[in-house]
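As a plain string of letters, each chain reads:
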Amino acid sequence: MQKTTIALAASLFSITLLTGCASSTDSGSKLISFPGAYKIDIQQGNVITQEMVDQLRPGMTRAQVQYVMGTPLLEDTFNSHRWDYVYSLQPGGKSREQKTVTLLFENDQLRSIQGDLRPGTNQQ
């Protein structure tokens, strides 16, 4: 009887402690949040700016495009005529912003630009 009571008390105490670890914040994705804690900005991929995209012109060679934009984040293995640039920024504790630019080549010259940023469009 006494062993059963001790085992029941120990299991209730353990369950109580474990429920504290499973508490979530308002976003639901974080398990534990400390108020006032600094959250870093997370940047991933190639930095893409409107000024960089404005420098692109149809007919540019791959080397010229790479000089302006940098090395592409994704080079399609099955389609060597496509370069993808992806940039995401998540300011500390806020929602993530993502920009993509896809460049298509024909005969090693730039033919088309697709994505969130295009030449001549000033987005702020």
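Residues numbered from 1 in each chain as written. Predicted model: local features only at pLDDT ≥ 70, side-chain atom pairs only at ≥ 80, totals over all residues. Heavy atoms only, no water.

Considerations on the overall build of the protein chain
Scanning the protein chain from N- to C-terminus turns up three helices and five strands. For the protein chain, the N- to C-terminal ordering of α and β elements is α-β-α-α-β-β-β-β. Partitioning the contacts of the protein chain with sequence separation of at least 6, the portion at a separation of at least 24 is 44%. Total accessible area on the protein chain stands at roughly 9200 Å², and carbon and sulfur atoms take up 56% of it. (Helix = DSSP H or I, 4+ residues; strand = E, 2+ residues; numbered from the N terminus. Contact = heavy atoms within 4.5 Å. Areas by Shrake-Rupley, 256 points an atom, 1.4 Å probe, with all protein chains shown as cover.)

Some details on the pattern of salt bridges
Taken as a whole, this structure holds two salt bridges when the rule is applied. Measuring nitrogen to oxygen at the nearest pair gives 2.7 Å for the salt bridge that ties Asp 108 to Arg 62. With Asp 108 in the loop between strand S4 (97-106) and strand S5 (109-115) and Arg 62 in helix H3 (residues 62-69), the pair connects residues that are 46 residues apart, well separated along the chain. Taking relative accessible area as the criterion, Asp 108 reaches 46% and is therefore assigned partly exposed. (Salt bridge = Lys/Arg side-chain N within 4 Å of Asp/Glu carboxyl O. Buried < 20%, exposed > 50% of the residue type's maximum accessible area, 1.4 Å probe, protein only.)

A closer look at the pairing of S4
Across eight bridges, strand S3 (residues 82-90) lies against S4 in antiparallel orientation. Following the sheet pairing, Arg 82 is matched in S4 by Leu 104. Relative to S5, S4 runs antiparallel, the two being bridged by six bridges. Paired with Thr 102 across the strands is Gln 114, a residue of S5. Between S4 and S5, which pair antiparallel one after the other, the connecting turn spans two residues, and Asn 107 there sits at a positive phi close to 55°. (Pairing = 2+ DSSP bridges.)

Brief notes about a nonpolar patch on the surface
Together, Tyr 38, Ile 40 and Ile 42 make up an exposed nonpolar region whose accessible area comes to about 370 Å². Tracing the sequence through the fold places Ile 40 in the loop between helix H1 (2-21) and strand S1 (42-45). (Patch = residues over 30% accessible without salt bridge, like charges linked within 9 Å, V, L, I, M, F, W, Y side chains within 5 Å.)

Quick look at the nonpolar core
Core analysis: the largest hydrophobic core is formed by 17 residues, its most contacted members being Leu 56, Val 65, Met 69 and Leu 103. Every element with two or more residues in this core is listed here: helix H2 (50-54), H3, S3, S4 and S5. If we skip the residues at most four places from it in the chain, Val 65 touches Leu 56, Met 60, Gly 70, Trp 83, Tyr 85, Leu 103, Phe 105 and Leu 110. (Core = buried A, V, L, I, M, F, W, Y, C linked by side-chain atoms within 4.5 Å.)

As for H3
Along H3, the residues that are buried comprise Arg 62, Val 65, Val 68 and Met 69. Within H3, the buried residues cover an arc of 125° as seen down the axis, which keeps them to one side. Of the exposed residues in H3, those oriented more than 90 degrees away from the buried face are Ala 63 and Tyr 67. Contact partners of the buried residues in H3: H2, S3, S4 and S5. Positioned one or two residues after H3, Gly 70 has a phi angle of 90°, which is positive. (Arc of directions from axis to C-beta.)

Nothing here speaks to function; it is all geometry.
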